[in-house]
Structure formats: structure tokens, C-alpha cells
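Listed below are the residues making up each chain.
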Amino acid sequence: MRPSRRALEVVATGPLTTVQDEGRFGHAGLGVGRSGAADIRSYALVNRLLANPRGAAALETTLGGLRVRAHGPVTVAVTGAEVPLRIDGRGAATHTVLHLPDGAELTMGAPTTGLRSYLGVRGGVDVPPVLGSRSTDVLAGLGPDPPVPGTSLPVGPAPEGFPRVDHVPTTPVGGPKTTLRVVLGPREDWFTAEAVDTLLSGEYEVTPRTDRVGARLAGPVLERSRDGEMPSEGMVAGSLQVPPGGEPVLFLADHPVTGGYPVVAVVRAADLPKAAQAGPGTRVRFVL
Amino acid sequence: MRVLRCGDTGVLVEVADLAEVIALHAALEADPVPGVVDLVPAARTLLLRIDPGTDPEEVAGAVTARDVVPGEVRESGETVLLPVVYDGEDLDDVAELTGLSRREVVQAHTRATWTVAFCGFAPGFGYMVGDQPRLRVPRRSEARTRVPAGSVALADGFTGVYPRCSPGGWRLLGRTETRIWDLERDRPGLLRPGVRVRFIEAEDLR
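Residues numbered from 1 in each chain as written. Chains lettered and ligands numbered in written order. Predicted model: local features only at pLDDT ≥ 70, side-chain atom pairs only at ≥ 80, totals over all residues.

## Re the overall build of chain B
What counts, and what does not: Only DSSP runs of H or I covering at least 4 residues are called helices, and only runs of E covering at least 2 are called strands; the numbering of each starts at the N terminus. Every radius of gyration here is taken over C-alpha atoms, with the globule rule written as 2.2 Å times N^0.38, N being the number of residues. Buried means a residue has 20 or more other C-beta atoms within 10 Å of its own C-beta, exposed means 12 or fewer, and partly exposed covers the counts in between; C-beta atoms are placed from the backbone. Two residues qualify as a contact pair if the distance between their C-beta atoms, derived from the backbone, is within 7 Å.
Along chain B, the regular secondary structure elements total four helices and 13 strands. Relative to the globule expectation of 17 Å for 206 residues, the C-alpha radius of gyration of chain B, 18 Å, shows essentially globular dimensions. Projected onto the principal axes, the alpha-carbon positions of chain B cover approximately 55 × 40 × 35 Å. Looking at chain B as a whole, 44% of its 206 residues qualify as buried. Sequence-distant contacts in chain B: of pairs separated by 6 or more residues, those separated by 24 or more amount to 60%.

## Observations regarding the overall build of chain A
Counting its secondary structure elements, chain A contains three helices and 20 strands. Projecting the C-alpha coordinates of chain A onto the three principal axes gives extents of approximately 70 × 40 × 30 Å. Counting every position in chain A, which comprises 288 residues, the buried fraction comes to 52%. Long-range contacts, defined here as pairs at least 24 residues apart, represent 77% of the contacts in chain A between residues at least 6 apart.

## Considering the sheet that holds strand β10 (residues 116–121) of chain A
Residue and element names in this part refer to chain A. Defined as follows: Between any two strands, at least two bridges found by DSSP are needed for them to pair. Only the stretch in contact is used when a helix axis is fitted, and all axes are lines through C-alpha atoms; the angle between N-to-C directions ranges over 0 to 180 degrees.
Pairing is antiparallel across the open sheet formed by five strands, whose spatial order is β2-β3-β10-β5-β8. This sheet does not close on itself; its edge strands, each paired only once, are β2 (16–20) and β8 (98–100). Direction aside, the axes of adjacent strands within the sheet are offset by 30 degrees on average. Set on the sheet, helix α1 (residues 40–49) makes contact with β2, β3 (58–62), β5 (74–80) and β10; between it and β5 the angle comes to about 150 degrees.

## Details of the domain arrangement of chain B
All names here are of chain B. Quick reminder of the rule: How far each domain reaches was decided by an automatic or database domain assignment. Gly is placed with the polar residues, together with every amino acid not listed as nonpolar (Ala, Val, Leu, Ile, Met, Phe, Trp, Tyr, Cys and Pro) or charged (Asp, Glu, Lys and Arg).
What the domain assignment reports for chain B is domain 1 (2–64) and domain 2 (79–201). Inter-centroid distance (C-alpha atoms) of domain 1 to domain 2 is 27 Å. Across the side of domain 1 that touches domain 2, the residue classes tally to four nonpolar, no polar and no charged.

## Remarks on the domain arrangement of chain A
Residue and element names in this part refer to chain A. What the domain assignment reports for chain A is domain 1 (7–154) and domain 2 (177–287). The distance between the C-alpha centroids of domain 1 and domain 2 comes to 27 Å. Listed per partner, the contact involves 18 residues of domain 1 and 14 residues of domain 2. It is α1 that provides the largest number of residues to the side of domain 1 that touches domain 2, a total of three residues. Looking at the side of domain 1 that touches domain 2, its residues break down into seven nonpolar, six polar and five charged.

## Quick look at the interface of chain A and chain B
Between chain A and chain B, the residue contacts involve 26 residues of the former and 32 residues of the latter. Listed by contribution, the elements that provide at least two residues to the side of chain A that touches chain B are β15 (233–234) and β19 (263–267) of chain A.

## Focus: the sheet that holds strand β1 (residues 7–13) of chain A
Residue and element names in this part refer to chain A. The six strands are arranged β7-β6-β9-β4-β1-β11 in an open sheet whose pairing can be described as antiparallel. At either margin of the open sheet sits one strand with a lone partner, and together these are β7 (90–92) and β11 (152–154). Strand-to-strand twist of the sheet, defined as the mean angle between neighbouring strand axes without regard to direction, takes the value 30 degrees. Bridge count between β1 and strand β4 (residues 66–71): six bridges; the pairing is antiparallel. For Ala7, the partnering residue across the bridge sits in β4 and is His71.

## Here's the deal with helix α2 (residues 56–64) of chain B
All names here are of chain B. Spelled out, the test is: This arc describes the spread of directions from the helix axis toward the C-beta atoms.
Within α2, the full set of buried residues consists of Pro56, Val59 and Val63. For α2, the buried positions fall inside an angular range of 60 degrees around the axis, keeping them on one side. Among the exposed residues of α2, those oriented more than 90 degrees off its buried face are Glu57, Gly61 and Thr64. The secondary structure elements touched by the buried residues of α2 are β1 (2–6), β2 (10–14), β3 (36–41) and β4 (45–50).

## Focus: the environment of Thr17 of chain A
Residues and elements named next belong to chain A. Secondary-structure assignment places Thr17 in strand β2. Placed 127 residues apart in sequence, Thr17 and Pro144 show a C-alpha to C-alpha distance of 11 Å. Excluding residues that lie within four positions of it along the chain, Thr17 makes contacts with Leu59, Glu60, Thr61, Leu66, Pro146 and Pro147.

## Description of the pairing of strand β20 (residues 283–287) of chain A
Residue and element names in this part refer to chain A. Side chains Val284 and Phe286 of β20 all project onto a buried face; the interleaved residues Arg283, Arg285 and Val287 project onto a face where none is buried. With two bridges connecting them, strand β13 (residues 204–210) and β20 associate as antiparallel partners. Bridging from a neighbouring strand, Glu205 pairs with Arg283 of β20.

## Brief notes about the environment of Glu184 of chain B
Residues and elements named next belong to chain B. Locating Glu184 in the fold gives a position in the loop between β12 (171–175) and β13 (196–201). By the C-beta count within 10 Å, which is 6 here, Glu184 ends up exposed. Note: C-alpha distance between Glu184 and Pro70 (114 residues apart in sequence) is 35 Å.

## Things to note about unusual backbone geometry
All names here are of chain A. The omega torsion of the bond from Gly185 to Pro186 falls at 10 degrees, within 30 degrees of zero and hence cis. By the element assignment, Pro186 lies in the loop between β12 (177–184) and α2 (193–201). Residue His95 is not a glycine yet carries a positive backbone phi of 55 degrees. Note on placement: His95 falls in the loop between β7 and β8. The class for His95 is partly exposed, based on 19 C-beta atoms found within 10 Å.

## Observations concerning the environment of Val130 of chain A
In this fold, Val130 of chain A is placed in the loop between β10 and β11. Expressed as a C-alpha distance, the spacing of Val130 of chain A and Pro144 of chain A, which sit 14 residues apart in the sequence, is 7.8 Å. The contact partners of Val130 of chain A, leaving out residues within four places of it in the chain, are Leu142 and Gly143 of chain A together with Leu183 of chain B.

## Re the confidence of the model for chain B
Residues and elements named next belong to chain B. The condition is simple: In predicted models, pLDDT denotes the confidence assigned by the predictor to each residue on a 0 to 100 scale.
With 96% of its residues at a pLDDT of 70 or more, chain B shows a mean pLDDT of 90. No element of chain B has a lower mean pLDDT than strand β11 (residues 166–168), which averages 87, and none a higher one than β12, which averages 97. Quick note on the complex model: pTM equals 0.91, ipTM equals 0.91.

Given below as C-alpha cells:
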């Protein structure tokens, strides 16, 4: 008889927990976006810590609150937004390789700063992939359903390599302020010169209307230099799309594949993890 | 052709019209530019998503060097027949905007041969172009928060079918029972670029 498969049973999810990996590629022509971990750096770190292959699926939590129970012995780690951790009531550290014996329960508190934490498991979360990825795209409704209390997430076979370190030092993510580097365009010519100056000198605040699709920002209005509708066009993550109200929306992992409002500037890929960790109330500045 | 930057992960190529988009898309699919991971065609633009680390200037140079001959919408040789019950909430508005009767709107929509030009908005949502210029209507001034799956709609010179229930601003002509997006199929999307589509008026069997 084969031993029963190891799994993580979800006991509580917090505000939103989803399965994420590196996302989907090559299906944009069908209207399917990339999705994937919003803070791709913290996600990649948790897999490196566990000696998982690149692309192993992990759990992305928003504002913590996740509780899981081990079925069979599993090895896990938590990266991203710093959260208090407990294993069966005893304190544990993030950015550290943690061994959960069969039946042990890991509880994640709420982050002190930052928005998204990643619970990785050695062997990866082994739900069936959809169009080549295990990521849940909340906008498109693709990928695994977000787990709910009682969901059992199968754990894949452990990789051959073993973790080489027990702990990785890391600079904390999140904070009350962040600066994001941008490249102007593709549609800066739809805006006045003053609007571009305003974007690069003003301060914006992340509103509570922020999710995996994008973060609505509050701050100085960006005036257009022309009227009329723009034909919808392809968008990339990091786009600062400006709807008629004039306050930008910062597109994140599950952004729509195409959009009909002009994009004044795009956040550099290297700064997208910082953007994904900017929770409501974070003050954001944009620089070239 | 105008090439615009989309940060360090995209190059947006703007061309004169849809025929040029389709020609460029076909050319870049047949002979890909190194570093390009995904192509997103739209009405006037083609977005090239590039690997981080790829120089956008190099990609832009490689695209502008291409000699692309715009032609008709490329066809895949495949034709999809979609039975539609024409009882959409916006049929009267479309009749008024086009100066046709309700009957004539349905006739124009079913007589046209439509071809999927590109996908976007949602997985499996194909933007179809046809040979009935009279059916060109603008979007609704306010989008609906909930358009049922299978709704057949018109806007901006395109027709489309909503693959799943979603918000939407197009004008609703009717509905089809055919599942146009189904992950259980080998090819989940029925309305892929190049596929020809004929709409057939169906009796409401309820």
C-alpha cells in the first residue's frame, strides 16, 4: 500500500490566500494574462530557501491570517511581509526552514508592515496546473479556486536537493513610504507637461481599493492634453493607467490583458515587488 | 509604424489599422524576435512582452526592420457556427443607432461573415470583424456590472461573445448556448484569432 499523500490542510485563510507560481506565458493572444506571485522576489526566495525547483507553487497571503495543518511531515518556510508565526502555539521565525510533524499546525498572524507573505512547502503545492500554471488569476477566474477552511492542498514529491541554509537574512518589505522607479509612456503624450511633472513630484496614497489586479491611488489629478477614447491596447504589470477621474491605477499581477485608458508611465520590473507590498495607506513617490 | 516603450517589460508597436496589426502579429509569430515572450494584438497596436534583461531598444529595432505587408484578416480555415437567440436588451438601441429595424439588425448580423481579429478583455473573448459596416455602434455610455455568459454583443465595429459572466459595456443583441471558453477542451477558446464565425438565428426552445 502506498503511503497517503502529504498535504497541507487549510484551517483559516485570512483576507485572501491564493496558490501562486511564476504565472502563465504565451497565452496573451487568447486574452489570458500572466498572473503569478505579486511579489515575485519573496516568492522566489521561499523556493530557494526550501531548495525547490524554480516555479514550484506556494501560498500567497494578503495581510496574513493563514493557518495550515500538516498531513504527513512537511518542510515549510515563510517569506515576504514579516508576520508572527506559531507552530502548535510555539513561536517560530520567518525566512527560516521549518519542519512540521504530522498534525502540527502553523499559524500566521497579521504583518507589521507589508501586505503579502509567502508560505512555501518543500515539493511545492501540487494542485493541477491550468494552461501551464498553478496561479489563481482573480480577474480572469482562472487557476485553482482560492482555498477555504477545509481545503486540502497536496504537497509534491520533495526535490533531490536539500536546503543549504536554515535561515536567510533579508531586508524587510513594506513600510509607510515607498519610492518606485518608472519609465514614462507609452502614452505620456496624452497628458499635459504639468501632469507628468505632477506624477514625478507629487505623493500618492494607496487606497483600500487595492487587490491583485491593481492598486487605486489617491493624490494629485493628472490632466489630459487631449479628449477622446483610446482604442484598447495591451498592458504590462506596473502600468500606471489613468481613468477619466485623473487618479492613476497601478496594475499588478492579475491586471487586464488589454485596457482602454492611457498609461502615463510604467513601474520598472525590479520595483514591482515593492509595489506589491504597498498596503492601503502607503505613501508612494514615482521617480525616473 | 511607431514604437513606444512600456517600462522594461514591453514594447508597444502602433500601426495604421487592424490589417497592419494582423500582418505584423503573423510575421512575428512565424519568425519570433529573441527575448519576446508574449504578443498582445489589439485594434491599432501590438504589444510585445519581453523578458526582463532584454533590451527594449534592440527589440524595437528588430521590429521596425521587418517588412510587413498588411493583408486581409488572416483566416485559419476553420468556421464556427453559433446559434443565437436574438432577444438582447440593447436590440432596440442598436436599431435606432443604425437606422435599421430590429429584424434588419438580426439579418445583418447573421448574414455577415465574421473573423476573429484578436482576443482580449477576458480569456476567450474574441474581437470579431465583419463585412457589415452598418452595424458599427459605440459602446454604452455606462457599462453593465453583470453581463451573462454567452451574451452576443456589438461595439466599435466589432462583435463579441462574453465567455463568462462579467461586467461589460457592449450592446447586447442576444445569447448563445455554445460554450466559447471551456478548459476541459484541448483548445479552451473557440474564438481564436483567424477563426471565421457565422451566427445563426435560433428558436428559443424554452
